Amino acid sequence: MTELGLPDTILACLFDLDGVVTKTAVVHAAAWKETFDAFLRDYDGAQGRPFDEIAEYDEYVDGRPRADGVRAFLASRGIRLPEGTPGDPPDARSVHGLGNRKNDLLLEKIRTGGVEAYDGTLRYLEAVRAHGLRTAIVSSSANCRDVLRAVGAEHFFDVRIDGVVAAERNLPGKPHPDTFLAAARDLGVEAARAAVFEDALAGMEAGRAGGFGHVVGVDRTGQSEALYAHGASIVVKDLAELGGKR
């Protein structure tokens with residue numbers, strides 16, 4: 001292992017955004033809960049029970065594109081909605097309407113509460129860059145660039161594959177590996193020579209499915225065992241644990 005805590009075959013590092021670089025995973029979970037709880041009030045019994053912003057967030061929406069998260073969660077409750085279109089208003093009873101409602105709530109929470117980055121990740125990124133490794137940000141969020149700019153971290157990444165780019169290239173989101181594979185290609189590196197850094201179970205699955213050389217699970221919520229079960233090579237609570245001091 002190198003000073004960065006990575007196999008010496010690794011030439012590039014592919015980082016998720018929410019929960020790995022920035023402290024926005026909790027904000028996402030809160031926005032999903034507010035969105036789904038309001039929607040579920042129209043349902044009785046098990047179908048209408050409140051959204052669990054830990055277990056159900058991890059299982060169905062964390063790391064996935066918005067519409068995929070809506071579909072997966074509603075399917076778990078046996079609820080079907082029309083797809084609608086990406087331009088649906090946030091009060092529309094459609095998959096895209098719910099997703100847009102969640103995004104509006106997320107942006108409001110970010111505007112009022114601000115965005116913070118994890119210091120350990122920023123220090124690790126500095127070390128990764130100093131060691132000459134190539135870097136990419138890989139996120140399902142369409143707000144990725146704005147969030148990176150808000151925390152002054154956009155310059156750390158050579159490549160950005162986010163929700164906007166994925167839509168332009170018609171790339172399926174996590175747990176499919178396509179966005180990570182696209183980032184590796186854009187960096188000119190084979191998947192086997194790249195490391196994935198993720199906090200989401202869907203991200204672990206994407207790393208495993210893509211045949212990446214190392215998959216680092218970042219455990220911010222006490223789900224270490226689940227991260228290993230879904231494909232992590234190693235699990236840490238903060239990237240500072242990997243080393244990388246300059």
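For the structure, check the block above.
A. Seen up close, the nonpolar core. Leu6, Phe15, Tyr124, Phe197 and Leu239 are the most contacted members of the largest nonpolar core, which totals 36 residues. For this core, the secondary-structure elements that each account for two or more residues are strand S1 (12-15), helix H1 (25-40), helix H4 (95-113), helix H5 (119-130), helix H6 (144-150), strand S4 (194-198) and strand S5 (214-218). For Phe197, the contacting residues outside a window of four places in its chain are Leu6, Cys13, Leu14, Phe15, Asp16, Val20, Tyr124, Val216, Leu239 and Leu242. Core analysis: the second largest hydrophobic core is formed by 26 residues, Leu14, Ala183, Leu187 and Ala232 among them.

B. Just the pairing of strand S2 (residues 134-138), in detail. With four of five residues buried, S2 is to be regarded as a mostly interior element. Bridge count between S1 and S2: four bridges; the pairing is parallel. Paired with Ala12 across the strands is Arg134, a residue of S2. As defined by bridge partners, S2 adjoins strand S3 (residues 159-161) across three bridges and the pair is classed as parallel. Looking at the pairing, Val138 lines up with Ile161 of S3. For the segment spanning S2, H6 and S3, crossover handedness is right-handed.

C. Layout of H5. Taking 1.5 Å per residue, 12 residues should reach 16 Å; H5 reaches 17 Å between its end C-alpha atoms and fits that length. Within H5 the residues assigned to the buried category are Gly120, Thr121, Leu122, Tyr124, Leu125, Ala127 and Val128. Taken together, the buried residues of H5 touch S1, S2 and S4. Looking one or two residues beyond H5, the residue adopting positive phi is Gly132, at roughly 85 degrees.

D. View of the packing of aromatic side chains. Applying the stated rule across the entire model yields 10 aromatic pairs. Taking 4.4 Å as the distance between ring centres and 15 degrees as the angle between the ring planes, the aromatic pair formed by Phe15 and Phe197 counts as stacked. Highlighted residues: Phe15 in strand S1 and Phe197 in strand S4, separated in sequence by 182 residues. Of the two residues, Phe15 and Phe197, both sit in the buried class. Ring geometry for Trp32 against Phe36: centres 5.1 Å apart, planes inclined by 15 degrees, an arrangement best described as stacked. Of this pair, Trp32 and Phe36 are both found in helix H1, four residues apart, which corresponds to roughly one turn of the helix. By relative accessible area, Trp32 is classed as buried at 3%. Ring pairing ties together the aromatic residues Trp32, Phe36, Phe51, Tyr60 and Phe73, which thus form one cluster. Over the face of the ring belonging to Tyr118 we find Arg220, whose NZ or CZ atom lies 3.4 Å from the ring centre.

E. Inspection of the pattern of salt bridges at higher detail. A complete count under the given rule lists 17 salt bridges for this structure. Across the salt bridge formed by Glu154 and Arg149, the nearest N and O atoms sit 3.0 Å from each other. Between Lys174 and Glu198 there is a salt bridge, with its nearest N and O atoms 2.5 Å apart. Separated by 24 residues along the polypeptide, Lys174 in the loop between helix H7 (163-169) and helix H8 (178-187) and Glu198 in strand S4 bring together distant segments of the chain. This pair shows no difference in class: Lys174 is buried, exactly as Glu198 is. Where salt bridges share partners, they join Asp16, Lys174 and Glu198 into one cluster.

Rules of the game
Residues numbered from 1 in each chain as written. Predicted model: local features only at pLDDT ≥ 70, side-chain atom pairs only at ≥ 80, totals over all residues. Heavy atoms only, no water. Core = buried A, V, L, I, M, F, W, Y, C linked by side-chain atoms within 4.5 Å. Buried < 20%, exposed > 50% of the residue type's maximum accessible area, 1.4 Å probe, protein only. Helix = DSSP H or I, 4+ residues; strand = E, 2+ residues; numbered from the N terminus. Contact = heavy atoms within 4.5 Å. Pairing = 2+ DSSP bridges. Right-handed = clockwise from strand over helix to strand, strands pointing away. Expected span 1.5 Å × (residues − 1). Phe/Tyr/Trp six-rings, centres within 6.5 Å; stacked < 30°, edge-to-face > 60°. Lys NZ or Arg CZ within 6 Å of the ring centre and 35° of its normal. Salt bridge = Lys/Arg side-chain N within 4 Å of Asp/Glu carboxyl O.

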